[in-house]
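Notes for the structure review
Listed here are the chains, written in short residue letters.
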Amino acid sequence: MIAPTFSLIKVKDIRNNTYILENGGLRNVLRVNGLNFFLLSEKEQNMLIGEFKNFLDGLDFPIEILVLSRLENINNYLKILHLRTEEEKDPLIKFQLEEYISFLEDYLQNHKIMKKIFYVIVPYDPLEINLGPLSKIKRKNNLEESEEVKFEQLEIRTAYVIDSLFNLGLSPERLSDLELIELLFEVYNPNLRWQQLPKQIIQKLTETI
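The numbers attached to residues start from 1 for each chain and follow its sequence in the written order. A pLDDT threshold of at least 70 governs which residues receive local features in this predicted model, and a stricter bar of 80 or more applies before side-chain atom pairs are shown or counted, although totals over entire chains, interfaces and linings include all residues. Only hydrogens and water are set aside when side-chain values are computed; all heavy atoms of the structure are taken into account.

Thoughts on the overall build of the chain
Going by this rule: Only DSSP runs of H or I with at least four residues qualify as helices, and only runs of E with at least two residues qualify as strands; both kinds are numbered from the N terminus onward. Accessible area is worked out with a 1.4 Å probe on protein chains only. A residue is then buried under 20% of its type maximum, exposed over 50%, and partly exposed in between. Should any heavy atoms of two residues lie within 4.5 Å, those residues are counted as being in contact. Per-residue and other accessible areas follow the Shrake-Rupley method at a 1.4 Å probe size, with only the shown protein chains counted as cover for residues.
A tally of regular secondary structure across the chain gives six helices and eight strands. Start at the N end of the chain and walk to the C end: the helices and strands fall as β-β-β-α-β-α-α-β-β-β-α-β-α-α. Going through the 209 residues of the chain one by one, you find that 30% of them count as buried. Across the chain, the fraction of contacts at a sequence separation of at least 24, relative to all contacts at a separation of at least 6, is 70%. For the chain, the computed accessible surface area is about 14,500 Å², with 55% contributed by carbon and sulfur atoms.

And the structure:
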């Protein structure tokens, strides 16, 4: 019997802008803007490589870098253009806007515009005692971490990563609860254009978050 898709998702809950996994682990997700490395001068490239190396050397926990390529969604941009056209009084500018909108809509029907989205995932997992390469057991009783402690430790890690990325000239943004849900939806529905979470799902989620 084929397992349903949702069985692959190991997220038990989403709370405090954090994924809570089935095993008690926590994950924060940072959306990071891209940087065109090859537009930098050689000196700037070397400085950036050095800063990135310092960032990695300073880590005492693992991180995951996730890169997604998806069909771009410019529906909101087109809506803004349509509204701008309706408000425009100058006939020449109005005509140019209409021509531009027509060009964009025709182009989208015949071409795929791809968008790359970059994420850094910051983890915190329950304390484990390693008894060998094939055996790990969670700490019990008074050694078991409370949820409050796990969230505090994750926040410390996340703050360090954010500060380090800012030093690299990047602008990390932590995903909210709703954005974390959207990310899961997008990952498991790759054929849709980016940010096309169904409105009925958004409405239901905003009522519970």
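Brief notes about the pattern of salt bridges
The line we're drawing: Think of a salt bridge as a Lys or Arg side-chain nitrogen and an Asp or Glu carboxyl oxygen that are within 4 Å of each other.
Per the counting criterion, the structure on display carries eight salt bridges. The salt bridge involving K53 is made with D57; its shortest N-O contact spans 2.9 Å. Of this pair, K53 and D57 both sit in helix α1 (residues 42-57), four residues apart, which is roughly one turn of that helix. The exposure classification of K53 matches that of D57, with both residues exposed.

Considering the environment of E155
For E155, the position within the fold is in helix α4 (residues 147-167). Residues E155 and P123 lie 32 residues apart in sequence; the distance between their C-alpha atoms is 10.0 Å. Setting aside chain neighbours within four positions, we find E155 in contact with N28 and R174.

Digging into the environment of N17
Its location among the elements puts N17 in the loop between β1 (11-15) and β2 (18-21). On a C-alpha basis, the gap between N17 and R174 in space is 7.8 Å, while along the polypeptide they are 157 residues apart. In contact with N17, other than residues within four places in its own chain, are N28, R174, L175, S176, D177 and L180.

Some thoughts on the nonpolar core
What counts here: Residues grouped as a nonpolar core are buried Ala, Val, Leu, Ile, Met, Phe, Trp, Tyr and Cys residues, joined through side-chain atoms within 4.5 Å.
Counting 17 residues, the largest nonpolar core has L30, V32, V120, V122, V161 and L165 as its most contacted members. Breaking this core down by element, the ones donating at least two residues are β3 (26-32), α1, β5 (114-124) and α4. The biggest single contributor to this core is α4, with four residues. Those residues in contact with L30, other than ones at most four positions away along the chain, are F118, Y119, V120, V122, T158, V161, I162, L165, P172, E173 and R174. Among the nonpolar cores identified, the runner-up in size contains 12 residues, and Y19, Y119, L180 and L183 belong to it.

What about the side chain of N28?
For clarity, the cut-off: Within 3.5 Å is the distance limit for a polar contact, defined as a pair of N or O atoms, with the added protein rule that one can donate a hydrogen and the other accept it, and that residues adjacent in sequence qualify only through two side-chain atoms.
The topology assignment puts N28 in strand β3. Here the side chain of N28 touches T158 through a polar contact of 2.8 Å, side chain to side chain.

Quick word on unusual backbone geometry
Working note: non-glycine residues mostly have negative phi, and peptide bonds are mostly trans. Unlike most non-glycine residues, N16 shows phi in positive territory, near 55°. Within the secondary structure, N16 is located in the loop between β1 and β2. A relative accessible area of 45% places N16 in the partly exposed class.

Digging into the side chain of T85
With respect to the element layout, T85 can be found in helix α2 (residues 75-87). Other than its neighbours up to four places away in sequence, T85 contacts K94, L97, E98 and I101.

Observations regarding α1
Since the α-helix turns once every 3.6 residues, residues separated by three or four places project in the same direction. This is how it is decided: For a helix, the expected span equals 1.5 Å multiplied by the number of residues minus one. Each C-beta atom gives one direction from the helix axis, and the arc is the one those directions make.
Along its 16 residues, α1 runs 22 Å from first to last C-alpha, staying within 8% of the 22 Å computed at 1.5 Å per residue. For α1, the set of buried residues is Q45, L48 and F55. Along α1, the residues classed as buried sweep out an arc of 85° about the axis, all on the same side. Among the exposed residues of α1, those oriented more than 90 degrees off its buried face are E42, K43, M47, K53 and D57. Structurally, α1 contributes buried residues whose contacts are with α4.

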